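Observations on the three-dimensional arrangement
Given next are the chains, with one letter for each unit.
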Amino acid sequence: MAKSQRNNPFVRVLNENVPLLLLLEVIKKLDADPEYNGAGISKLEIPLILYWKDNDAEALYQRIKKLRKEYGYSPSWEIVTEICRDEIMSGSDVVRDDKSIMVDYPDEFIRKMRLTGLISLRGAGRFIDINKNEIEKVEYVLENYSTYPTFEDEKEYFDYMAETDENLFSIEAKTLSLDENDKLLLKWIEIYPWNTIKSELKGLAKRSNSGDEVLKLLSHPIRLEFLTSLAIKSKHRNLKIKPNYPTDDEGIPTSTAGGQGNQGDIECFEDEKGILVEVTMSGGRTQTMMEVWPIARHLGEFSKKVKADSMCHFIAPSIYVDSEKQIKYVKDTENLNIKPRTIDDFITFLETNEKLFEMN
């Protein structure tokens, strides 16, 4: 993303910039401006990033300042689309409807930028800001990639993109403590009460999209991990819960936990017992092949962290019959307690059980 050029040899367009760099530089300028509250760039201003023709962050920052001075943080769609079509593109853009310019393209852009882990959502999804947990990585990207070569040859650009910057990947994000994770979960269950969490989870069970301004920006697997963590915290306020997904500084996950370091998705501690919660959107043979054996391995490692018994809730939109057979085999051969449940079944379990831990 730090090297991805709009006008590269594979995609010849009128915009000559690196979108991630332009976004980060503009946000830094807005955050440093004493006239504003440091919340980053408004989602309604994102179309200007998408339409901007070059990498001149200063000029774009000044244009956003002018827009805010005239219309505040809530310009109409007509105002923003007019700037994009007539002022920036001089009427030469292909015909696009207002919803595409103001909603669909910005949503997709934000999803892609959040894959970097460098972007936070603020104000219930109305603003996009720099993730303070990744500030060292942001500074490295801006220092090392703001000046970049351009290419006419496809092979040269391909080779440039294929190079891995090991220094960039060696910069570690801030790791949140158990207490810090807990506070962030408590914050979000104040924003999303139980009925909202329940409704969103039931939507995921049907693989539906969300209409929420934050949740709709999370892919289904990321959303499932986030909502499951919130659901558990909502019903068990005193439980210590440690989701292993990386988050921005608002506590919103930037990707799934991914099973890194033999860790499961969500670790919960109830008295001296440990409960591992593993979630997946996969089904059928894929679920059986990709999920059960790693879950058994994660549970084995997790059990070493707790003083008493441990178990695992395995949650998916549906549980494939072969997955259930594998789980029984793991129980019989390794004595690992894994409870497979559909999303709907897990919701019922949370509503009807005082404890998260379930015996064999």
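Cut-off values and rules
- Residues numbered from 1 in each chain as written.
- Predicted model: local features only at pLDDT ≥ 70, side-chain atom pairs only at ≥ 80, totals over all residues.
- Heavy atoms only, no water.
- Salt bridge = Lys/Arg side-chain N within 4 Å of Asp/Glu carboxyl O.
- Helix = DSSP H or I, 4+ residues; strand = E, 2+ residues; numbered from the N terminus.
- Buried < 20%, exposed > 50% of the residue type's maximum accessible area, 1.4 Å probe, protein only.
- Pairing = 2+ DSSP bridges.
- Axes fitted to C-alpha atoms, helices over the stretch in contact; angles between N-to-C directions.
- Contact = heavy atoms within 4.5 Å.
- Parallel < 35°, antiparallel > 145°, perpendicular 65-115°, else oblique.
- Left-handed = near helix turned anticlockwise from the far one by under 90°.

1. Topic: the pattern of salt bridges
- For the structure on display, the rule yields 35 salt bridges.
- One salt bridge in this structure joins Arg63 and Glu87, with 2.7 Å as the shortest N-O distance. Pair noted here: Arg63 is in helix H3 (residues 57–71) and Glu87 is in helix H4 (residues 77–88), with a separation of 24 residues, a long-range link.
- Looking at Glu87, the relative accessible area reads 43%, which means it is partly exposed.
- Between Lys355 and Asp271 there is a salt bridge, and its shortest N-O distance comes to 3.6 Å. Of this pair, Lys355 sits in the segment after helix H15 (343–352) while Asp271 sits in the loop between strand S5 (266–270) and strand S6 (273–279), placing them 84 residues apart in sequence.
- Several salt bridges converge on common partners, so that one network encompasses Arg122, Asp129, Lys132, Lys187, Asp249 and Glu250.

2. A look at the sheet that holds strand S7 (residues 310–316)
- Taken together, 5 strands build an open sheet; the order of strands is S4-S5-S6-S7-S8 and the sheet is mixed. Two strands lie at the open edges of the sheet, namely strand S4 (240–243) and strand S8 (338–342), each paired on one side alone. Looking at each pair of strands side by side, their axes are set apart by 20° on average, direction ignored.
- Packed onto the sheet, H15 meets S7 and S8 and runs at close to 110° relative to S8.

3. A word on the packing of helix H11 (residues 220–235) against H15
- Packing of H11 against H15 leaves a shortest axis separation of 10 Å and a crossing angle of 15°. Compared by their axis directions, H11 and H15 come out roughly parallel. Classified by chirality, the crossing of H15 by H11 is right-handed. Mapping the contact onto sequence places Leu224, Thr228, Ala231, Ile232 and Lys235 in H11 and Ile343, Phe346, Leu350 and Glu351 in H15.

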